[in-house]
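# Chains, contacts and geometry: an overview
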Amino acid sequence: VDAAWTALAGRFAAITAKYPKLAKANHRVHLGTLGTGNHFIEVCLDEDEAVWFLLHSGSRGIGNAIGTFFIELAREDMRRWLINLPDRDLAYLPEGTAHFEDYVEAVEWAQDFARANRELMMQAVVDAARAVISKPFEARCEVVNCHHNYVSREHHYGENILVTRKGAVRARAGELGIIPGSMGAKSFIVRGLGNPESFESCSHGAGRVLSRSEAKRRFTLADQQRETEGVECRKDADVIDEIPSAYKDIDAVMHAQRDLVEVVHTLKQLV
């Protein structure tokens, strides 16, 4: 973790030199940590009984802080330039301004933080497995590491643009990606088909059909236990909001995007 942070610290210092408020957000202490909500670590089996470690996490506290900070900065710019918007959430940073360039730099740094965060945790998972499994094993399978909720400089329809993928991952032709289902369902390793009409993207997962509060209101602990039967996981009241019924049917989601990706592996959760 110290080595990973050292590789990130220089660029972060340059960002916080301009925006000191961001230095107070959690950054170094969150590196190598999972987070709350729908972030998870799973042990899965694919169709050939091969074992997969799958995790979902991102840029943690500092990524959230960067987003929140620059959203407010955009709102302030709108007020300063007397740009009247029908909704303040439509505030934007015009390309070519200092705030625009600084925001893109900060977001790209946060994405590098997120990737390092996942790499550290994956190594920790492999080390933990080695500590409890007496028979030596080789972590030899290919590593699939993909962002979601991020910004990327890309070329589409003859133009260089910035693509924002929210709840989506890139699915260029031949590119491997991950589409996780809910706890107790299944997840997929996919290969992109490079569909230009989706800007070479696919969904990141099943997506919620119920809010967290509504899921907790509607379902019981018995429901949670029944829907996660056969999976070793938390089955207490604090995770009812992650019950599989709070999410769309992952098979239906995969069928709906069969023109965007092809399934390479189907993963079933064990832990």
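In case you missed it, the structure is sitting above this.
Residues numbered from 1 in each chain as written. Predicted model: local features only at pLDDT ≥ 70, side-chain atom pairs only at ≥ 80, totals over all residues. Heavy atoms only, no water.

## With respect to the packing of aromatic side chains
This structure, assessed with the given rule, holds nine aromatic pairs. Between phenylalanine 69 and phenylalanine 70, the aromatic rings sit 5.4 Å apart at their centres with planes inclined by 85°, giving edge-to-face as the arrangement. Each member of the pair phenylalanine 69 and phenylalanine 70 is classed as buried. Residues tryptophan 109 and phenylalanine 113 carry aromatic rings whose centres are separated by 5.6 Å and whose planes lie at 45° to one another, so their mutual orientation is tilted. (Phe/Tyr/Trp six-rings, centres within 6.5 Å; stacked < 30°, edge-to-face > 60°. Buried < 20%, exposed > 50% of the residue type's maximum accessible area, 1.4 Å probe, protein only.)

## Notes on the pairing of strand 7 (residues 186-192)
The two faces of the sheet receive side chains in turn, since in a regular strand these alternate between them. For strand 7, the tally of buried residues reaches five of seven residues, placing the bulk of the element in the interior. In terms of strand pairing, strand 6 (residues 176-179) meets strand 7 through four bridges, oriented antiparallel. Looking at strand 7, one finds that isoleucine 179 is bridged to phenylalanine 188. Between strand 6 and strand 7, which pair antiparallel one after the other, the connecting turn spans six residues, and glycine 184 there sits at a positive phi close to 95°. Where strand 7 meets strand 9 (residues 261-269), seven bridges bridge the pair, whose relative direction is antiparallel. When the sheet's bridge partners are listed, lysine 186 is paired in strand 9 with lysine 268. (Helix = DSSP H or I, 4+ residues; strand = E, 2+ residues; numbered from the N terminus. Pairing = 2+ DSSP bridges.)

## Quick notes on the packing of helix 1 (residues 2-18) against helix 3 (residues 98-132)
Contact geometry for helix 1 and helix 3: axes closest at 11 Å, N-to-C directions at 160°. Relative to helix 3, the element helix 1 is oriented roughly antiparallel. Relative to helix 3, helix 1 is oriented so that their crossing is left-handed. Facing helix 1, whose interface residues are Ala4, Trp5, Leu8, Arg11, Phe12, Ile15 and Lys18, helix 3 presents Asp102, Glu105, Ala106, Glu108, Trp109, Asp112, Phe113, Ala116 and Leu120. (Axes fitted to C-alpha atoms, helices over the stretch in contact; angles between N-to-C directions. Parallel < 35°, antiparallel > 145°, perpendicular 65-115°, else oblique. Left-handed = near helix turned anticlockwise from the far one by under 90°. Contact = heavy atoms within 4.5 Å.)

## Details of the sheet that holds strand 1 (residues 40-45)
The strands making up a sheet are joined through hydrogen bonds of the backbone, oriented either antiparallel or parallel. In space, the five strands of this open sheet follow the order 2-1-9-7-6, with antiparallel pairing throughout. Both outer strands of the open sheet, strand 2 (51-56) and strand 6, are each paired with one neighbouring strand and no more. When the angles between neighbouring strand axes are averaged without regard to direction, this sheet yields 40°.

## Notes on the nonpolar core
With 24 residues, the main nonpolar core has Leu22, Ile66, Phe70 and Trp109 as its most contacted residues. Among the elements of the structure, helix 1, helix 2 (60-80) and helix 3 are those that each provide at least two residues to this core. Discounting residues that sit within four places of it in the chain, isoleucine 66 has contacts with Leu22, Ala106, Trp109 and Ala110. (Core = buried A, V, L, I, M, F, W, Y, C linked by side-chain atoms within 4.5 Å.)

## Thoughts on the pattern of salt bridges
For the coordinates displayed, the defined rule picks out 22 salt bridges. Two residues, glutamate 72 and arginine 75, come together in a salt bridge whose shortest N-O distance is 3.5 Å. One end of the pair, glutamate 72, and the other, arginine 75, are both in helix 2, three residues apart, so they sit about a helical turn from each other. One salt bridge in this structure joins aspartate 89 and arginine 75, with 2.5 Å as the shortest N-O distance. Highlighted residues: aspartate 89 in the loop between helix 2 and helix 3 and arginine 75 in helix 2, separated in sequence by 14 residues. Residues joined by salt bridges that share partners form a network here, namely Glu72, Arg75, Arg79 and Asp89. (Salt bridge = Lys/Arg side-chain N within 4 Å of Asp/Glu carboxyl O.)

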